[in-house]
2 protein chains.
Amino acid sequence: MNYPNGIKREFKNIKTYGNRGMNLEQDLNDTNTYYLNSDIAVIHKKPTPITVNKVDFKSRNDAVIKEAHFIIPSTTDYNGVYKGKYIDFEAKETKSLTSFPLSNIHKHQIEHLKKIYKCDGIGFIIVRFVKLNKTYLLFINDLISFIDNNTRVSIPLSYFEEKAYIIKEGFNPRLDYLKIIDNIIN
Amino acid sequence: MNYPNGIKREFKNIKTYGNRGMNLEQDLNDTNTYYLNSDIAVIHKKPTPITVNKVDFKSRNDAVIKEAHFIIPSTTDYNGVYKGKYIDFEAKETKSLTSFPLSNIHKHQIEHLKKIYKCDGIGFIIVRFVKLNKTYLLFINDLISFIDNNTRVSIPLSYFEEKAYIIKEGFNPRLDYLKIIDNIIN
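Because the structure is a prediction, the values reported are computed rather than measured. (Residues numbered from 1 in each chain as written. Chains lettered and ligands numbered in written order. Predicted model: local features only at pLDDT ≥ 70, side-chain atom pairs only at ≥ 80, totals over all residues. Heavy atoms only, no water.)

A.B. asks: How would you sum up the pairing of strand E8 (residues 134-139) of chain B? Please name residues and give values.
C.D. replies: Residues and elements named next belong to chain B. When you tally the buried positions in E8, you get five out of six residues, the bulk of the element. Alignment of strand E7 (residues 122-129) against E8, held across six bridges, turns out to be antiparallel. Directly across from Ile126, in E8, lies its bridge partner Leu137. Linking E7 back to E8 in an antiparallel pair, the connection comprises four residues, with Asn133 at a positive phi of about 55°. (Buried < 20%, exposed > 50% of the residue type's maximum accessible area, 1.4 Å probe, protein only. Helix = DSSP H or I, 4+ residues; strand = E, 2+ residues; numbered from the N terminus. Pairing = 2+ DSSP bridges.)

See the structure below:
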């Protein structure tokens, strides 16, 4: 397959997006904007990686990409700095009531998070169980531990309840996930 | 203008690139690959940011971007983790023999580096004077200090000689810039 999970849905919804409720990505972007404007942290979502095949240089002021392809990301979507520490995570929603399918995260991304862990970075995944209205933060060591000790292709909700941290929703910031990071820094 | 400096050159050279000598970007990519494979650091170049206007979903296995535009990056090109610390930098070449034109770095990127500095991240620029065959690392505080105290639109070579650090070229890693970071961590 030539494009990552979610890309199709994401770009097909460009025009119909407006009427949807807030989703995890929007909540995280709002939260990161709050962190940025408050000088708390600098955490950005990375651009979607593509390979460009054709570019049309119409004028001195405009270049139009005429052919490009999505490529599978080799890293996670979000990274940045908080109190000098390196922060790195992937965020996913699931409609399941009972488990989070690991197919939502590319193998490359898990390898990337393992590398981050080895270099003493703070890596995690944020998973929202949409229908349960619950958002969890699971640190990379607990994610790796699950993968290494299980043959299951999904992480049961009970594992999140046991090992992960609930991110409470608020007004501003929407999802104060750095509060959980404070516990492991201190 | 709708696309960042360098984009036009970069993509126009797609086909003729092969015969050029090593450039700064290639040197840094090789160095970062060495760091990655040696579990020393995880530092990646970010994808070029674009806005996608039209996507053609030809088949289940392929999505082709039919129209997209480059956008001015709001962050630097490189970031990652070294010994738990957040690393963030921009890299530029200049053909000048005497100074580095500040127009090579977008205002957004300097604002970004200032934010990184406030959050205790390690931010810098790497500048190669191609014709002098010298590559410097200048930390963000010295870059800001220059900008705040000068009306000049370029940083003279003498400022690099005084404030920046020379990055020595080697075989592998090509440009061991993390050696310089070690000095400020310790």
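Still more ground to cover, so stick around.
A.B. asks: Can you break down the pattern of salt bridges residue by residue, with the values?
C.D. replies: In a structure, side chains of opposite charge can pair up when their charged atoms sit close to one another. All names here are of chain B. Inspection of every chain in the model, using the stated rule, returns 24 salt bridges over all chains. Here Glu90 ties to Lys92 by a salt bridge, and the two come within 3.5 Å at their closest N and O atoms. Neither residue differs from the other here; Glu90 and Lys92 are each classed as buried. (Salt bridge = Lys/Arg side-chain N within 4 Å of Asp/Glu carboxyl O.)

A.B. asks: Explain the packing of aromatic side chains residue by residue, including any values.
C.D. replies: Residue and element names in this part refer to chain A. Applying the stated criterion across every chain yields a total of 27 aromatic pairs over all chains. Ring centres 5.7 Å apart and planes at 75° place the aromatic pair Phe139 and Tyr165 in the edge-to-face group. Taken as a pair, Phe139 in strand E8 (residues 134-139) and Tyr165 in strand E10 (residues 165-166) lie far apart in primary sequence, 26 residues in all. Under the relative-accessibility criterion, Phe139 is labelled buried at 7%. We classify Tyr165 as partly exposed; its relative accessible area is 35%. An aromatic cluster is present here, built from Tyr34, Tyr35, Tyr78, Phe89, Phe124, Phe139, Tyr165 and Tyr177 joined pairwise through their rings. (Phe/Tyr/Trp six-rings, centres within 6.5 Å; stacked < 30°, edge-to-face > 60°.)

A.B. asks: How would you explain the packing of helix H3 (residues 107-118) of chain B against helix H4 (residues 140-149) of chain B if you had to name every residue and give the values?
C.D. replies: All names here are of chain B. Relative orientation of the contacting elements H3 and H4 amounts to 125°, with a least axis distance of 10 Å. Judged on the interaxial angle alone, H4 and H3 are oblique. By crossing handedness, the relation of H3 to H4 is classed as left-handed. Contacts from Ile110, Leu113, Lys114 and Tyr117 of H3 reach H4 at Ile140, Asn141, Leu143, Ile144, Ile147 and Asp148. Split into classes, the residues belonging to the contact of H3 with H4 amount to seven nonpolar, one polar and two charged. (Axes fitted to C-alpha atoms, helices over the stretch in contact; angles between N-to-C directions. Parallel < 35°, antiparallel > 145°, perpendicular 65-115°, else oblique. Left-handed = near helix turned anticlockwise from the far one by under 90°. Contact = heavy atoms within 4.5 Å. Nonpolar A, V, L, I, M, F, W, Y, C, P; charged D, E, K, R; others polar.)

A.B. asks: Give me helix H2 (residues 24-37) of chain A: which residues, what numbers.
C.D. replies: Residue and element names in this part refer to chain A. In this model H2 runs 20 Å from its N-terminal to its C-terminal C-alpha over 14 residues, within 8% of the 20 Å that 1.5 Å per residue would give. Those residues of H2 not exposed but buried are Leu24, Asp27, Leu28, Thr31, Asn32 and Tyr35. Angularly, the buried residues of H2 cover 130° about the axis, an arc narrow enough to put them on a single face. Tucked inside the fold, the buried residues of H2 contact strand E1 (41-45), strand E4 (78-82), strand E5 (85-94), strand E7 (122-129), E8 and helix H6 (178-185). Trailing H2 by a residue or two, Asp39 shows a phi angle of about 55°, which is positive. (Expected span 1.5 Å × (residues − 1). Arc of directions from axis to C-beta.)

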